[in-house]
Amino acid sequence: MPPHSAQPIDAVWISDQDPDQLRPGSLLLSWEPSVGGGMDVTARLSLTSTEVLLVSWPNLPGDWTPVVHPTVFEVIGLHGALSVATDALRLANHLASS
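Residues numbered from 1 in each chain as written. Predicted model: local features only at pLDDT ≥ 70, side-chain atom pairs only at ≥ 80, totals over all residues. Heavy atoms only, no water.

### Digging into the packing of aromatic side chains
Rules: Aromatic contacts are taken between Phe, Tyr and Trp rings whose centres are within 6.5 Å, Trp giving its six-membered ring; a plane angle under 30 degrees counts as stacked, one over 60 as edge-to-face, and the others as tilted. Strands here are runs of E lasting at least two residues and helices are runs of H or I lasting at least four, both read from the DSSP assignment and numbered beginning at the N terminus. For every residue, the accessible area (1.4 Å probe, protein chains only) is compared with the maximum for its type, and the residue is labelled buried under 20%, exposed over 50%, or partly exposed between those bounds.
Tallied over the full model, the rule gives 1 aromatic pair. Between W31 and W64, the aromatic rings sit 5.3 Å apart at their centres with planes inclined by 55°, giving tilted as the arrangement. Of this pair, W31 sits in strand 1 (residues 27-33) while W64 sits in the loop between strand 3 (51-60) and helix 1 (65-97); the two residues are 33 residues apart in sequence, bridging distant segments of the chain. According to the relative accessible area criterion, W31 is partly exposed, its value standing at 35%.

### Structural notes on helix 1
This is how it is decided: In this scheme, a helix's expected span is set at 1.5 Å multiplied by one less than its residue total. Pairs of residues are marked as contacts when any of their non-hydrogen atoms sit within 4.5 Å.
Here helix 1 is 33 residues long and its end C-alpha atoms lie 47 Å apart, about the 48 Å a rise of 1.5 Å per residue gives. Those residues of helix 1 that fall on the buried side of the exposure criterion are V68, H69, V72, F73 and V75. Contacts from the buried residues of helix 1 go to strand 1, strand 2 (39-46) and strand 3.

### Description of the nonpolar core
Where we set the bar: Residue types Ala, Val, Leu, Ile, Met, Phe, Trp, Tyr and Cys, when buried and joined through side-chain atoms within 4.5 Å, form a set referred to as a nonpolar core.
Grouped together as the largest cluster of nonpolar side chains are 7 residues: V41, A43, W57, L60, W64, V68 and V72. When contributions to this core are tallied by element, the ones reaching two or more residues are strand 2, strand 3 and helix 1.

### Regarding the pattern of salt bridges
Test applied: By convention in these notes, a salt bridge is any Lys or Arg side-chain nitrogen within 4 Å of a carboxyl oxygen on Asp or Glu.
Using the criterion set out here, one finds 2 salt bridges in the structure. When the shortest N-O distance is used, the salt bridge between R44 and E51 registers 3.7 Å. Since its relative accessible area comes to 31%, R44 is described here as partly exposed. With relative accessibility at 36%, the residue E51 sits in the partly exposed group. Where R90 meets D87, a salt bridge forms, and the shortest distance between an N and an O atom there is 3.6 Å. Linking R90 with D87, this pair stays in helix 1, spanning 3 residues, or about one helical turn.

In structure tokens:
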């Protein structure tokens, strides 16, 4: 994750036919031309057992990066924080049962 929200987020292209390649915590952005001339953009978060629809932006005009980037950046940070909290809870439970 970049240290500042104005920096680029690392991305990896995957085939549309095999979205199962996503590891938990990864974001999947998909886009397609909309009827209104813009782009319909969707963001999904891959979790261990499922995939969650985060947001859908219909008919984004022109360069839609300034709209999408802040949301993607925040979700990556949130997932990182939840991962740390989950690991801490597992450790606390392990220590309590020992």
